[in-house]
Structures are given as structure tokens and as C-alpha cells.
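# Inside the fold
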Amino acid sequence: RQQHQKAQKARHLSGWRAFYRFPILLHQIIGIDPANLLVAVLMQLYEGGYVSAWFGSFIIALLALMLMSVPRKIVVTEQTLQIRCLLDITEIQLSEIASVRTVSRKEMRWKFPIFGSVGFFGYFGYFVDFRHLRLVEIYATEWGNFVEIQTIYEDTYYVSCHERDRLLVLLQERCKMANPN
């Protein structure tokens, strides 16, 4: 009987983990499946005409763009912070960084994607921060270990990396060197 209760508890916990990841899965389904459904409907309505072909090509191009925008590295040089993607580099001058801090997953729940990818090889693009009513950029391969970077122009970036504490200390040191005031 005791083993049976342990087995039920283990099944309950494994179900809880799957449910915990459900919002990420929901974003993936909402982002991709409605587009495929619309392509199928257009194919049926226009019997494979140019409208459905154009829309299908647009979706494929959008997915290719998302694949090319996957964040790969964060590089801190003497002058800049570089967020390197497959085909793009976002550079932030260290002298323009106003503040750097770590952010918990709980704070990140107020971010909603406008243009970018959610769960499709990472999380990147433009998001709306409903808590502060502002537009932010997120570059993350995982939804956790976030560092918030705010510039003097009030632009906000969120990056994630496995060594976020090391990145935080390094950025604070380099920003002090870049801004002796």
C-alpha cells in the first residue's frame, strides 16, 4: 500500500511538471499551427492559387528569419556588449549602460511577445512589458537566468546565460571603467 501511494505521488509530480511547461507549449502551438491551418484553408478555397502560395512562402521565410536570429553568444569587450545571433549582432556601448541587474522568472511573466520567437529555438525579439508599459528586447536561449540591461536612452534589454552572476559582475566592472563619473 505504501508503494502504491508513492507511485501515485510520483505520477502526480510528473503531471505537474508537464503542466508547468504547458504555457510554453501553448505559445508554440499558437505561433505555428494557426499559420499552417490558414495555409490549408487558403489552399482549399483558392485551389492552390497564388494567395495560398504567397502566404505559405511568407510563413517559411518568417521561420527562416527566426532561425537566423537565434542568440548564440554574449561577448563583453572593453567598449561594448555584443549579443551575437547567427546573422545579427546587437551592440550596446558600455558607456551607454545605465543599470544592470538580475531578474527572476516571476518578473518575466509580465512580458508578452509582439514580434519574435517564443520557444522556437529560444526567446528573442520585441516584447511588451505590461508591468511598466514599455517595449523591451529579449535575447534568451532559455526562460531563466535573466540579466536586465537598461541604457541611458531608456532602452531595455534582457539576456539570459548560464553564468548570469559572472556576466553581472563583469558588466558592472566594465561599466564603471567606461563611466568614471
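Shown above is the structure to which this text applies.
The paragraphs below set out a description of the structure included in this document.

### What about helix H5 (residues 164-178)?
In a regular helix each residue adds 1.5 Å, so 15 residues correspond to 21 Å; H5 covers 20 Å between its end C-alpha atoms and thus fits that length. Within H5 the residues assigned to the buried category are Leu167, Leu168, Leu171, Arg174 and Cys175. The buried residues of H5 all sit within an arc of 145° when viewed along its axis, so they share a single face. Seen from the open side of H5, the exposed residues pointing more than 90 degrees away from its buried face are Asp165, Arg166, Lys176 and Met177. Turning to H5, the residues buried within the fold contact strand S1 (71-76), strand S2 (80-85), strand S4 (97-103), strand S8 (146-151) and strand S9 (156-160).

### Focus on the nonpolar core
Counting residues in hydrophobic clusters, the biggest one holds 20 residues, and the most contacted among them are Leu81, Ile97, Tyr139, Ile149, Val159, Leu167 and Leu171. Secondary-structure elements contributing two or more residues to this core are S2, S4, S8, S9 and H5. The element that contributes the greatest number of residues to this core is H5, accounting for four residues. Residue contacts for Leu167: discarding those within four places in its chain leaves Ile74, Val76, Val147, Val159 and Cys161. Of all hydrophobic cores here, the second largest spans 11 residues; its members include Val118, Ile138, Phe146 and Tyr158.

### Quick look at the sheet that holds S1
Ordered by their spatial adjacency, three strands build an open sheet running S1-S2-S3, and the pairing between neighbours is antiparallel. Only two strands of the sheet have a single partner each, and these edge strands are S1 and strand S3 (89-93). Neighbour to neighbour, the strand axes of the sheet diverge by 15° on average, direction disregarded. Relative to S3, S2 runs antiparallel, the two sharing five bridges. Bridge pairing links Leu81 to Ile92 in S3. Running at roughly 40° to S1, H5 makes contact with S1 and S2 of the sheet.

Rules behind the numbers
- Residues numbered from 1 in each chain as written.
- Predicted model: local features only at pLDDT ≥ 70, side-chain atom pairs only at ≥ 80, totals over all residues.
- Heavy atoms only, no water.
- Helix = DSSP H or I, 4+ residues; strand = E, 2+ residues; numbered from the N terminus.
- Expected span 1.5 Å × (residues − 1).
- Buried < 20%, exposed > 50% of the residue type's maximum accessible area, 1.4 Å probe, protein only.
- Arc of directions from axis to C-beta.
- Contact = heavy atoms within 4.5 Å.
- Core = buried A, V, L, I, M, F, W, Y, C linked by side-chain atoms within 4.5 Å.
- Pairing = 2+ DSSP bridges.
- Axes fitted to C-alpha atoms, helices over the stretch in contact; angles between N-to-C directions.

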